[in-house]
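The lines below spell out each chain.
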Amino acid sequence: MSAQLKKKASYEATFAHNFWKQTFSRVPAIPDPIELTGKTVLVTGANVGLGLEAIRNFLRLRPSLVIMGVRSVEKGEAAATKLRREFLDARIEVWELDMESFRSVQAFAARADRELDRLHVAVLNAGLGKLNFERVEEGSRHEVTIQVNYLANALLSFLLLPKLRPTTSSSEPGRLSIVNSGASLAIRLEDPGDGRLLESFDRPEKFDGFAQYGLSKLLVMMFVAKLAQMINPKEVIVNCTDPGATKGTDFFRNVNSWFMSIALRAFMGLIGRRTADASRIYLHSTLVLGEESHGSWTDWIIRAWPKAMYTDKGHQMGERLWDETIEELKFAGVKEYLQKDS
Ligand SMILES: NC(=O)c1ccc[n+]([C@@H]2O[C@H](COP(=O)([O-])OP(=O)(O)OC[C@H]3O[C@@H](n4cnc5c(N)ncnc54)[C@H](OP(=O)(O)O)[C@@H]3O)[C@@H](O)[C@H]2O)c1
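Note that the structure is predicted; figures quoted are calculated from it, not measured.

Caption draft 1: Up close: the overall build of the protein. Helix and strand content of the protein: 12 helices and eight strands. Dimensions of the protein along its principal axes, counting C-alpha atoms only, are 55 × 45 × 40 Å. The buried share among the 342 residues of the protein stands at 45%. The long-range share in the protein, meaning contacts at least 24 apart out of those at least 6 apart in sequence, stands at 78%.

Caption draft 2: View of the site of the ligand. With respect to spatial proximity, 26 residues lie near the ligand, and among them G45, G49, G127, T249 and F251 are the closest. Looking at the shell around the ligand element by element, the count peaks at three residues for helix α3 (residues 49-59). Of the residues that constitute the shell around the ligand, the class distribution is 11 nonpolar, 10 polar and five charged.

Caption draft 3: Summary view of the pairing of strand β4 (residues 121-124). Of the two faces of β4, both are covered, the one formed by V121 and V123 as well as the one formed by A122 and L124. Across three bridges, strand β1 (residues 40-44) lies against β4 in parallel orientation. By the bridge assignment for β4, V43 is matched with V123.

Caption draft 4: Here's a closer look at the packing of helix α6 (residues 144-164) against helix α8 (residues 209-230). Packing of α6 against α8 leaves a shortest axis separation of 8 Å and a crossing angle of 15°. Here α6 is positioned roughly parallel relative to α8, judged by the angle of their axes. For the crossing formed where α6 meets α8, the hand is right-handed. Across from T145, I146, N149, Y150, N153, A154 and S157 in α6, the residues of α8 making contact are Q212, Y213, S216, K217, L219, V220, F223 and L227.

Caption draft 5: Here's a closer look at α3. The buried fraction of α3 is high, at nine of 11 residues. For α3, the set of buried residues is G49, L50, G51, L52, E53, A54, I55, F58 and L59.

Caption draft 6: Focus on the nonpolar core. The biggest cluster of nonpolar side chains holds 84 residues, and the ones touching the most others in it are M68, L155, L160, M221 and V224. Among the elements that line this core, the one with the most residues is α6, at 14 residues. The residues touching M221, leaving out its near neighbours within four places in the chain, are N180, S184, C240, W297, W305, P306 and M309.

Caption draft 7: Representation of the sheet that holds strand β8 (residues 302-303) in the model. Read across the open sheet, the eight strands follow the order β3-β2-β1-β4-β5-β6-β7-β8; overall the sheet is mixed. Of all the strands in the sheet, the pair left with one neighbour each is β3 (92-96) and β8. Bridge analysis of strand β6 (residues 236-241) against strand β7 (residues 297-298) gives two bridges, and the strand direction is parallel. Within β7, the position partnered with C240 by the bridge is W297. Seen against the sheet, α8 touches β5 (174-179), β6 and β7 and runs at an angle of roughly 160° to β6.

Caption draft 8: Summary view of unusual backbone geometry. In this structure, the amide linkage connecting D32 to the following residue, P33, adopts the cis form with an omega of 5°. You can see P33 is positioned in the loop between α2 (15-24) and β1.

Caption draft 9: Structural view of the environment of L160. Within the fold, L160 resides in helix α6. Note on L160: 24 C-beta atoms within 10 Å, which makes it buried. The spacing of L160 and L176 is 16 residues in sequence and 8.9 Å in space, taken between C-alpha atoms. Beyond its immediate sequence surroundings of up to four residues, L160 is in contact with A109, A112, L119, A122 and L176.

Caption draft 10: Fine view of the pairing of β1. The element β1 is largely enclosed, with a buried count of five among its five residues. Of the two faces of β1, the one lined by T40, L42 and T44 and the one lined by V41 and V43 are each fully buried. With five bridges joining them, β1 and strand β2 (residues 65-70) adopt parallel strand pairing. Opposite V41, over in β2, you have V66 as the bridge partner. Handedness of the crossover is the feature at issue here: the chain leaves β1, passes through α3, returns alongside β2, and the resulting connection is right-handed.

Caption draft 11: Region of interest: the environment of D299. With respect to the helices and strands, the residue D299 is situated in the loop between β7 and β8. Between the C-alpha atom of D299 and that of S279, which follows or precedes it by 20 residues, the distance is 9.9 Å. Once residues lying within four places of it in the same chain are set aside, the contact partners of D299 are T241, D242, G244, I281 and H284.

Caption draft 12: Examining the environment of A80 more closely. On the secondary structure map, A80 appears in helix α4 (residues 73-86). As for A80 and I55, which are separated by 25 residues in sequence, their C-alpha atoms are 9.6 Å apart. Those residues in contact with A80, other than ones at most four positions away along the chain, are M68, I92 and V94.

Caption draft 13: Highlighting the packing of α8 against helix α11 (residues 312-328). Between α8 and α11, whose axes approach to 10 Å, the crossing angle comes to 85°. By the angle between their axes, α8 is roughly perpendicular relative to α11. Here L219, M222, F223, A225 and K226 of α8 come into contact with α11, specifically with G318, L321, W322 and T325. Broken down by class, the residue content of the contact of α8 with α11 amounts to six nonpolar, two polar and one charged.

About the criteria used
Residues numbered from 1 in each chain as written. Predicted model: local features only at pLDDT ≥ 70, side-chain atom pairs only at ≥ 80, totals over all residues. Helix = DSSP H or I, 4+ residues; strand = E, 2+ residues; numbered from the N terminus. Buried ≥ 20, exposed ≤ 12 C-beta atoms within 10 Å, placed from the backbone. Contact = placed C-beta atoms within 7 Å. Near = placed C-beta within 6 Å. Nonpolar A, V, L, I, M, F, W, Y, C, P; charged D, E, K, R; others polar. Pairing = 2+ DSSP bridges. Axes fitted to C-alpha atoms, helices over the stretch in contact; angles between N-to-C directions. Parallel < 35°, antiparallel > 145°, perpendicular 65-115°, else oblique. Left-handed = near helix turned anticlockwise from the far one by under 90°. Core = buried A, V, L, I, M, F, W, Y, C linked by C-beta atoms within 7 Å. Right-handed = clockwise from strand over helix to strand, strands pointing away.

Okay, structure coming up:
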């Protein structure tokens, strides 16, 4: 439905709109009688911040199993131990997942394939911003922000599709939501000409950490919009979820200037939501909104896509990005995961 909201895109990208939304609107409660008995929920990047609070919010709805996808099992188990004390009957498992490594993403998905009968809800929340240019050490050699926020999420989305699909014709569709950010709303895409789009994001000489973060999230929305065209929403509903500016997370851990760190924390203190409220948005995107959110940008309602996606150039680049992503991830046979849906 975001596809039909072009007229709202410019306004929704403005600072004024986002400031107003952050300051004066409250994230609604999850309506009764939603509950998750008999269901399995996955949240990645779940040891701290929004991911951890999302797990807490999901646990209140009594799922049968919650999986915390984390890159440090030690940190994940420390967080899970506290949750197990709060939710005495809950089944909480900590699974290793390093989004800087395609191999780790594949191992994680293989474990899901082996151990789960069905995955009902997946929130791909793990993400980061970097102030300096760094490449991932293993495999793709892409810049880290693009790898973690975009490419690894794209790979994981494909690989989880089989477990997200219903096992019987009467079961509900699986829910897949990738976490986005308002930082992508006003990003412009630069056409690299004949060069590859993905490689054009790997240029240290052009690197700007804030813009790269917004760009990586714009790529996620473009990917989700196209993925939604390729899969049946009766089987899996896919969307992006935006928690909005949130205080009290570790997101600014890489900021090494004390001045910038104080300024960002002061700004977040002013407009940021509490993690408990912001992470409830993930539940709106996966449990409250339905088929109408397929391929859309969501919080508790469906919003417009980032402006760039409504232009002809944005559309063409979305197609190119899709082709390049399929090519980049062909080592994992991702096309086959799509074909099962058609
Ligand atoms: N905070 C905001 O204002 C805000 C606004 C809009 C969107 N978001 C998005 O919300 C999500 C969560 O952010 P947050 O604010 O909660 O930040 P956070 O507290 O820093 O949490 C980020 C999570 O992602 C994990 N992660 C980072 N790199 C990873 C990797 N290579 N492999 C696996 N996990 C990795 C972190 O694990 P470690 O602890 O092990 O590093 C952590 O669990 C991100 O996608 C972010 O872009 C945040």
